[in-house]
Amino acid sequence: MARRGDRLLFAAAALLFGLTNAAAQDAPVNTIQDVFQHLGSCWKPPPPEKARPLDITVVVSFNRSGNILGHPRITYESAEASDNDRLQYRIAVMEALQRCTPVPFTDAMAGAAAGRPFAIQFRNRKTSPPTQERRA
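Residues numbered from 1 in each chain as written. Predicted model: local features only at pLDDT ≥ 70, side-chain atom pairs only at ≥ 80, totals over all residues. Heavy atoms only, no water.

## Let's talk about the state of the cysteines
Thinking step 1. Scanning all chains against the criterion turns up 1 disulfide.
Thinking step 2. A sulfur-sulfur separation of 1.7 Å characterises the disulfide bridge that pairs C42 with C100. For the disulfide bridge between C42 and C100, the dihedral angle about the S-S bond is near 90°, and by the sign convention the bridge is right-handed. Linking C42 in the loop between α2 (32–40) and β1 (56–62) with C100 in helix α3 (residues 83–100), this pair joins segments that are 58 residues apart in sequence.
Thinking step 3. Since its relative accessible area comes to 7%, C42 is described here as buried.
Thinking step 4. Take C100: its relative accessible area is 0%, and that puts it in the buried class. (Disulfide = S-S within 2.5 Å. Helix = DSSP H or I, 4+ residues; strand = E, 2+ residues; numbered from the N terminus. Buried < 20%, exposed > 50% of the residue type's maximum accessible area, 1.4 Å probe, protein only.)

## Focus: the confidence of the model for the chain
Thinking step 1. This prediction gives the chain a mean pLDDT of 81; 72% of its residues lie at or above 70.
Thinking step 2. Mean pLDDT across the elements of the chain bottoms out in helix α1 (residues 4–18) (47) and peaks in β1 (97).
Thinking step 3. Counted against residues more than four places away or in other chains, residues 9–25, with its pLDDT under 50, gives 34 contacts. (pLDDT = per-residue confidence, 0-100. Contact = heavy atoms within 4.5 Å.)

## Focus on α3
Thinking step 1. Over its 18 residues, α3 extends 26 Å from the first C-alpha to the last, a length consistent with the 26 Å expected when each residue adds 1.5 Å.
Thinking step 2. For α3, the complete set of buried residues consists of D85, R86, Q88, Y89, R90, A92, V93, M94, A96, L97, Q98 and C100. (Expected span 1.5 Å × (residues − 1).)

## Considerations on the pairing of strand β2 (residues 68–77)
Thinking step 1. By the bridge criterion, 6 bridges tie β1 to β2 in an arrangement that is antiparallel. Residue pairing for β2: T57 is matched across the bridge by Y76. (Pairing = 2+ DSSP bridges.)

## Focus on the packing of aromatic side chains
Thinking step 1. Taken as a whole and assessed by the stated rule, the structure comprises 5 aromatic pairs.
Thinking step 2. When the ring of W43 is compared with that of F122, the centres are 4.6 Å apart and the planes differ by 35°; the resulting orientation is tilted. One end of the pair, W43, is in the loop between α2 and β1; the other, F122, is in strand β3 (residues 117–122), and 79 residues separate them in sequence.
Thinking step 3. Taking 6.0 Å as the distance between ring centres and 55° as the angle between the ring planes, the aromatic pair formed by F62 and F118 counts as tilted. Note that F62 is positioned in strand β1 and F118 in strand β3, a separation of 56 residues in sequence. Comparing F62 with F118 shows no difference in burial state: the two are buried. (Phe/Tyr/Trp six-rings, centres within 6.5 Å; stacked < 30°, edge-to-face > 60°.)

Dropping the structure here:
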């Protein structure tokens, strides 16, 4: 029997492949840093009324033409997230990937990136201020 989390991941992955493919019209992607910036530019977290802020990481690979190779895989979600929060963020991640693919790789980057996994972190939580230590 599939766990609820597995069903949520499947639903989010199905959404990715069910949407039409719309490529982002950005400058060519030539470095690894450019890959992260390109994908980050497509990130639109769910509004606060739909889900509490959380961090999520997806591992995704691309082929030479910049299309997603295989299935993206969620590898991290904030521990305090509810099932609804996770679902909303998984959908937002898949929509971001959909908006940004195919990635406009340069010829050199296409050869370097093809088939390699990228762990993309989407962060939406504000970091808490540093705590001050008390002196005895």
